[in-house]
Number of protein chains: 2
Amino acid sequence: MRYSHNHKALTYQRILKEAAGLFRRDGIGATGLQPLMKSLGLTHGGFYAHFASKNELVEKALQQAACEVDGLCADIFSQPQPLHAFIDTYLSQWHVTSPHEGCPLPTMSAEMAQQGHASPTTDSVINARLGQIQNTLPGADAEEQSIMIFASLVGALVLARSTESDALREKILDVTRNTLKQSAE
Amino acid sequence: MRYSHNHKALTYQRILKEAAGLFRRDGIGATGLQPLMKSLGLTHGGFYAHFASKNELVEKALQQAACEVDGLCADIFSQPQPLHAFIDTYLSQWHVTSPHEGCPLPTMSAEMAQQGHASPTTDSVINARLGQIQNTLPGADAEEQSIMIFASLVGALVLARSTESDALREKILDVTRNTLKQSAE
DNA sequence: TGTACATCAGTGAACGCGCGTTCACTGATGTAC
DNA sequence: TGTACATCAGTGAACGCGCGTTCACTGATGTAC
């Protein structure tokens, strides 16, 4: 082989990682394969040595983003993260201004659904988040509570990212954060 | 003048209405001006007799969508709609499958924010919905409650539209609907 | 009433551009002898 | 150790296409005489 035995696998991962970021930050449709490959110092023709089509990349990038966020949500020792920490992270300034590193549901999955390319990965990402929240809840209605909490988090994040006024954005984040945390005691 | 004195104004409104629907259903980037004009039986060149650019249309279409939804939310006698009715409408099967007629926040505003084209209209749409909910609430913390309720609605709608599994979608909608309605007594 | 003219909403070809995709090619490498 | 060869990740020109935008134009109309 021309390069080290895992050179191609490394390039594949670099493409995946970059795409997962750009798709979430700029949108899938707004991210061209040409600029994507160029940002990695490669030419666009080589893309098809790694993926059959842009659609395949989109699917794989969603999985990649899901894994990144899974890792981000689990703490260092793979213990369930306390609920208040998850809430703080999900509604942080960082998450609002860093969609390229954040939850792919309000960005990639929403656009994929709009284009009629729903993916089972989306459901598994939703279920992963719900399960993660559920694990921190004691009661019998933990599943219902987890859905309410996560829907609030997603909605507040979407609204916060859409607002132009800093005051309105802060109010949405603060109120949602505080209400969720105090209702969880 | 060539046509009736308000012919141009009518065409303007037809473009606006069609765009407000397509932008919400397919996305702004995925909606071309050529297909848009063609779907009205017009040619694309005439577009610029009505709007200076696609960006101007986007801004005006967001306002149009906001007005449509305002009208949809207010009841016939312009009385505030009962909260439970608003919740039922926002989380209805109809709203999930008819983004072209629904709230422009999870569709247009989210994409506009992603593209760096935040609009004051978005903030006013958010404030309008919050105010509408607030009017149905008695307590002193009506503002906080309205934010929590609306964030939950937006999040549940975004998640429901993204899911592939009917069961998961129904569960998200049902749980959010029921929990919000019973917590509002 | 009949004719000439000015208006202007809408036409459609053309512009440069970036898109996703294809493909004949390159050239640095590991392998075989 | 030295040379010839096969491999194959990456190159870059080219494809047809649709995009947003421009512009010289058409032709049905209301108005003026």
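About the cut-offs
Residues numbered from 1 in each chain as written. Chains lettered and ligands numbered in written order. Predicted model: local features only at pLDDT ≥ 70, side-chain atom pairs only at ≥ 80, totals over all residues. Heavy atoms only, no water. Contact = heavy atoms within 4.5 Å. Buried area = accessible area lost by both parts, 1.4 Å probe. Salt bridge = Lys/Arg side-chain N within 4 Å of Asp/Glu carboxyl O. Polar contact = N/O pair within 3.5 Å; in protein donor to acceptor, adjacent residues only side chain to side chain. Helix = DSSP H or I, 4+ residues; strand = E, 2+ residues; numbered from the N terminus. Least-squares fit on C-alpha atoms with pLDDT ≥ 70 in both. Axes fitted to C-alpha atoms, helices over the stretch in contact; angles between N-to-C directions. Parallel < 35°, antiparallel > 145°, perpendicular 65-115°, else oblique. Nonpolar A, V, L, I, M, F, W, Y, C, P; charged D, E, K, R; others polar. Expected span 1.5 Å × (residues − 1). Buried < 20%, exposed > 50% of the residue type's maximum accessible area, 1.4 Å probe, protein only. Phe/Tyr/Trp six-rings, centres within 6.5 Å; stacked < 30°, edge-to-face > 60°. Core = buried A, V, L, I, M, F, W, Y, C linked by side-chain atoms within 4.5 Å.

K.L.:
What is the right way to look at the interface of chain B and chain A in this model?
P.N.:
Often, the extent of an interface is quoted as the loss of accessible area on bringing the components together. Taken together, the 45 residues of chain B in the interface contact 45 residues of chain A. Taking both partners together, chain B and chain A bury about 3300 Å²; carbon and sulfur atoms supply 67% of that area. Where chain B packs against chain A, one counts two salt bridges. Of the charged contacts, one joins Glu143(B) and Lys171(A) as a salt bridge, the two residues approaching to 2.7 Å between their closest N and O atoms. Linking chain B with chain A are 11 residue pairs in polar contact (both at pLDDT 80 or more).

K.L.:
Help me understand the pattern of salt bridges, please; the structure alone is not making it clear to me.
P.N.:
If charged atoms from side chains of opposite charge come close, those side chains can pair. Residue and element names in this part refer to chain A. Scanning all chains against the criterion turns up 16 salt bridges over all chains. Ionic pairing is found between Glu56 and Lys60, a salt bridge with its closest N-O pair at 3.3 Å. Separated by four residues within a single helix, Glu56 and Lys60 lie in helix H3 (residues 54-73), roughly one turn from each other.

K.L.:
Which parts of the structure should I look at to understand the relation of the copies chain B and chain A?
P.N.:
Note on the identical chains: chain B maps onto chain A by a rotation of 180 degrees and an axial translation of 0.0 Å, with an RMSD of 0.0 Å. In symmetry terms, the pair is related by a two-fold rotation axis. Counting the interface residues of chain B, we find that 100% of their copies in chain A are interface residues as well, pointing to one common contact surface.

K.L.:
In this structure, what is going on with the packing of helix H8 (residues 142-162) of chain A against helix H9 (residues 166-183) of chain B? I would like to understand it.
P.N.:
When two helices pack together, their arrangement is given by the angle between the helix axes and the distance between those axes. Two numbers describe how H8(A) lies on H9(B): the axes approach to 9 Å, and their chain directions differ by 90 degrees. Taken together, the axes of H8(A) and H9(B) lie roughly perpendicular to each other. Contacts between H8(A) and H9(B) involve Glu143(A), Glu144(A), Ile147(A), Met148(A) and Ala151(A) from the former and Lys171(B), Ile172(B), Val175(B), Thr176(B), Thr179(B) and Leu180(B) from the latter. Looking at the contact of H8(A) with H9(B) residue by residue, the class counts come to six nonpolar, two polar and three charged.

K.L.:
Mind showing me how you'd approach H8(A) here?
P.N.:
Residues that lie three or four places apart on an α-helix share one face, since the helix turns once every 3.6 residues. The first and last C-alpha atoms of H8(A) sit 30 Å apart over 21 residues, in line with the 30 Å expected at 1.5 Å per residue. Burial analysis of H8(A) places 18 of its 21 residues in the buried class, the great majority of the element.

K.L.:
Can you walk me through the packing of aromatic side chains in this structure?
P.N.:
The geometry of an aromatic ring pair comes down to the distance between the two centres and the angle between the two planes. All names here are of chain A. Counted by the stated rule, this structure contains 10 aromatic pairs over all chains. Here the aromatic rings of Tyr90 and Phe150 are separated by 5.7 Å at their centres, their planes lie at 75 degrees, and the arrangement is edge-to-face. Residue Tyr90 is found in helix H4 (residues 83-90), and its partner Phe150 is found in helix H8; the two are separated by 60 residues along the sequence. Judged by relative accessible area, which is 4%, Tyr90 ranks as buried. Taken together through their ring pairs, the aromatic side chains of Tyr12, Phe47, Tyr48 and Phe51 make up a single cluster.

K.L.:
Quick question: what am I supposed to make of the environment of Ala49(B) here?
P.N.:
All names here are of chain B. Inspection of the secondary structure assignment puts Ala49 in the loop between helix H2 (33-38) and helix H3 (54-73). Using a relative accessible area of 48% as the deciding quantity, one classes Ala49 as partly exposed. In sequence terms Ala49 and Gln115 are 66 residues apart; their C-alpha atoms lie 25 Å from each other.

K.L.:
Even after reading the chapter, I still don't get the nonpolar core, so can you show me in this structure?
P.N.:
Nonpolar side chains tend to gather and get buried jointly when the protein is soluble and globular. Among the nonpolar cores identified, the biggest contains 64 residues, and Tyr90(A), Phe150(A), Leu153(A), Tyr90(B), Phe150(B) and Leu153(B) are the most heavily contacted of them. Of all the elements in the fold, those that place two or more residues in this core are H4, helix H7 (120-134), H8 and helix H9 (166-183) of chain A together with helix H4 (83-90), helix H7 (120-134), helix H8 (142-162) and H9 of chain B.

K.L.:
Would you explain the side chain of Ser119(A) in this entry?
P.N.:
Position of Ser119(A) relative to the elements: it lies in the loop between helix H6 (105-114) and H7. With a relative accessible area of 1%, Ser119(A) lands in the buried category. For Ser119(A), the contacting residues outside a window of four places in its chain are Glu59(A), Leu62(A), Met112(A) and Glu164(B).

K.L.:
Honestly, the environment of Gln134(A) in this entry has me stumped. Any pointers?
P.N.:
Residues and elements named next belong to chain A. Summarising the element assignment, Gln134 is placed in helix H7. Taking relative accessible area as the criterion, Gln134 reaches 29% and is therefore assigned partly exposed. Separated by 129 residues in the primary sequence, Gln134 and His5 place their C-alpha atoms 42 Å from one another.

K.L.:
Any chance you could explain the side chain of Thr31(B) here in plain terms?
P.N.:
Looking at the secondary structure, you find Thr31(B) in the loop between helix H1 (7-26) and H2. When neighbours within four sequence positions are excluded, Thr31(B) is seen to be in contact with Leu22(B), Phe23(B), Asp26(B) and Lys54(B).

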